[in-house]
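Inside the fold
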Amino acid sequence: MTTRSISGLAYPDRFYAAAAYAGFGALENSSKAAISRFKNEIALMLYGLYQQATVGSCNIPKPRSWNPIENSKWTSWNELGDMASTEAMRLFVKILEEEDPAWYSKVVPEPKSEPVVEVQNPSQELASHLDNSVSVPKETATENGNFIETQDKDVVLEGLGSIGVYDQWVAPSVFGRRPKARYEHAAAVVQDKMYVFGGNHNGRYLNDIQALDLKSLTWSKIEAKMAADPSQTMLSPCAGHSLIRWGNKLLAIAGHAKDPSDTVTVHCFDTETCTWSVLKSYGKAPIARGGQSVTLVGSSLVMFGGEDSKRSLMNDLNILDLETMTWDAIEPIGTPPSPRSDHTAAVHADKYLLIFGGGSHSTCFSDLHVLDLQTMEWSQPKMQGTLPTPRAGHAGVTLGENWYIVGGGDNKSGVSETMVLNMSILVWSVVTTVQGRVPIASEGLSLVVTSHNGEDILVAFGGYNGKYSNELYVLKPSHKGILEPKILESSATTSVDPVLPVSNGIRDIEAEEVGRDGKVREIVMDNPESEPLHQRSVETKEQIIASMKADKDNLEARLSTEHSLNSRLKQELSEAQAANAELTEELRSVRGQLAVEQGRCFRLEVDVAELRQKLQSMESLQQEVELLQRQKAASEQAAANAQQKQSSIWGWLAGSPPEPKSVDA
């Protein structure tokens, strides 16, 4: 790696010089001056680091939600937590040097008589594009009687500072008693400590909590206690859970347990008091599960998938609002990922939720699904680059727009490649590959990110690849950039658009030109017979501009095609809507006619029923009349017979025989 050694300012003077150059200072509108210089996300990062370095941790209340500008600035500052002031200063300078490598020479110009001293360090060749000033072992050199000291001379290379290579997994020396080997545990970082909770060891669930001091790389066991409320029981051993940092607290969500509950529970560990508590939630809590993904988006937790206690796989989506502790079951539109567990999830720009990999009972996946958190619609975009192999039980962390994926297995062996996905352009690439059966190629490992001297470092722990592991591995990513058009929007662009200007291709070209121009200068110094600097620089600029123009033309062509396709689809949709309106009207008319006919039929049925009732009544009356007629005839006959007998008796008594009946009678 080529490193420029300069007799520069020491901290904190170097920080204040960088802050003044960036536009931060005592002026009331200094932050706006800095914002106008850089891309949106960089300006917000610099603002947060400046506040952290000069004021300290963010203790002011969150601004009103309707003010997106102040809200974004507050979030950038608040996310730094309790980062030390000196660390914030170094990171501020680090980011400024990445964005504007020539800033120092503009603030403190070097004498023309003193050439740049080139220090060749082949062991760190992979980091050549990361920074113009990289920490090297403490040493001084003299030239013309003047001392030329390396920047960061006060850094002692121990612990994470001893990692001198990029994009390679290294097993550093650790101290203290190592935790019990495990997998399916969870880990998170709070105030330079990595906390490890739970897991599975030889089929037994664990409930211990271990802490690794990331400065000294020393392990210690935390003697956790329960909160004062006696109604809260001791935390059950679990595995396959999620651990999310929330301020200075850790939230343990879901997980497999020996005696699982019916629904998902949320436990809270206070890192300051070392106490556990159970957080009461409202709404309809999801079914208890393990192997799910839980992602922090703003002040909400987004949980997807997992496997319940009956080994049923799920692909449901649930959101927990941490401010109200209320669960909501979400039913997005589009085709969701198939039911799965042991996958990973990440959020990009606070707008997109990405789901990668995972497994079912018979297979592992390598697909990528994206959920738009604003429209709640699933999609499965096309990926580019070196596509990852199927895996489950892997781990992932995000650094800016890069999503690092480590470990996992495919039911046959552990995955040896460490992958990175640029979430803005959806391009996969391989960071490094390990050889043999090492703990990095394991299932159920944990992965966190920390920083040291302004550089990000990945920390992996545990896992299972035939045996349980309690090894610690670290990797210092080089953050290789890819000059491609962005597909997904950034959160800063959306949230602070009224003040922050959207970065464009011209600014990206200028930043790239500066980096390439610095590279040309080094080549010219090493090779006097090379072409003049100005000519090489012009050619480089023309190549970059030509490349960007070609990309622009390609994007414009694709955009035109998409516009035409969109217009055609809109026309077809309009025609379909018109046809649908006609059919709806016709259906409404038919339904009206049918209702009329149904009314008529009903009335006819009523009339028929009444007539039948009347007919039955008439038949009954006729039978009664016939009966009365028969009774009347019988009565008349009986009366006639009685009268005849009476006449005969009186005749005999009177001595006169009855008169014979006439023939007519």
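The structure we're discussing is the one just above.
Read on for a plain summary of the structure. (Residues numbered from 1 in each chain as written. Predicted model: local features only at pLDDT ≥ 70, side-chain atom pairs only at ≥ 80, totals over all residues. Heavy atoms only, no water.)

Concerning the side chain of Arg340
Selection rule: Helix and strand definitions follow DSSP, with helices as H or I runs of at least four residues and strands as E runs of at least two, each counted in order from the N terminus. The rule is simple: take the accessible area with a 1.4 Å probe, protein chains only, and divide by the maximum for that residue type; under 20% is buried, over 50% is exposed, in between is partly exposed.
As for its placement among the helices and strands, Arg340 is situated in the loop between β21 (326-330) and β22 (344-348). The class for Arg340 is buried, based on a relative accessible area of 0%.

What to know about a nonpolar patch on the surface
What counts, and what does not: Exposure above 30% relative accessible area and the lack of any salt bridge qualify a residue for a patch; like charges then connect within 9 Å, and the nonpolar side chains Val, Leu, Ile, Met, Phe, Trp and Tyr within 5 Å. Note on areas: these come from Shrake-Rupley sampling with a 1.4 Å probe, and a residue is covered only by the protein chains present in the view. A side-chain nitrogen of Lys or Arg and a carboxyl oxygen of Asp or Glu constitute a salt bridge if their distance falls within 4 Å.
A surface patch of nonpolar side chains, amounting to about 390 Å² of accessible area, comprises Ile649, Trp650 and Leu653. In this fold, Trp650 is placed in helix α9 (residues 533-654).

Some words on the pattern of salt bridges
Taken as a whole and judged by the stated rule, the model has 11 salt bridges. Here Arg289 and Asp316 are joined by a salt bridge, their closest N and O atoms 2.7 Å apart. Remark: Asp316 occurs in strand β20 (residues 313-321) and Arg289 occurs in the loop between β17 (282-283) and β18 (293-297); sequence separation between them is 27 residues. Given the relative accessible area of 2%, Arg289 is considered buried. A residue is classified by how much of its surface remains accessible, and Asp316, at 26% relative accessible area, is partly exposed. The residue Arg588 makes a salt bridge to Glu585 at a minimum N-O spacing of 2.5 Å. One end of the pair, Arg588, and the other, Glu585, are both in helix α9, 3 residues apart, so they sit about a helical turn from each other.

Quick notes on the sheet that holds strand β27 (residues 395-399)
Filter applied, for reference: We call two strands paired when DSSP finds no fewer than two bridges between them.
Strand order in the open sheet formed by 5 strands is β26-β30-β29-β28-β27, and the pairing between neighbours is mixed. Either end of the sheet is taken by a strand with one partner, and the two such strands are β26 (384-385) and β27. Where β26 and strand β30 (residues 427-433) come together, 2 bridges link them in parallel fashion. By the bridge assignment, Gly385 is partnered in β30 with Trp428.

Everything listed here is a matter of geometry and, on its own, says nothing about what the molecule does.
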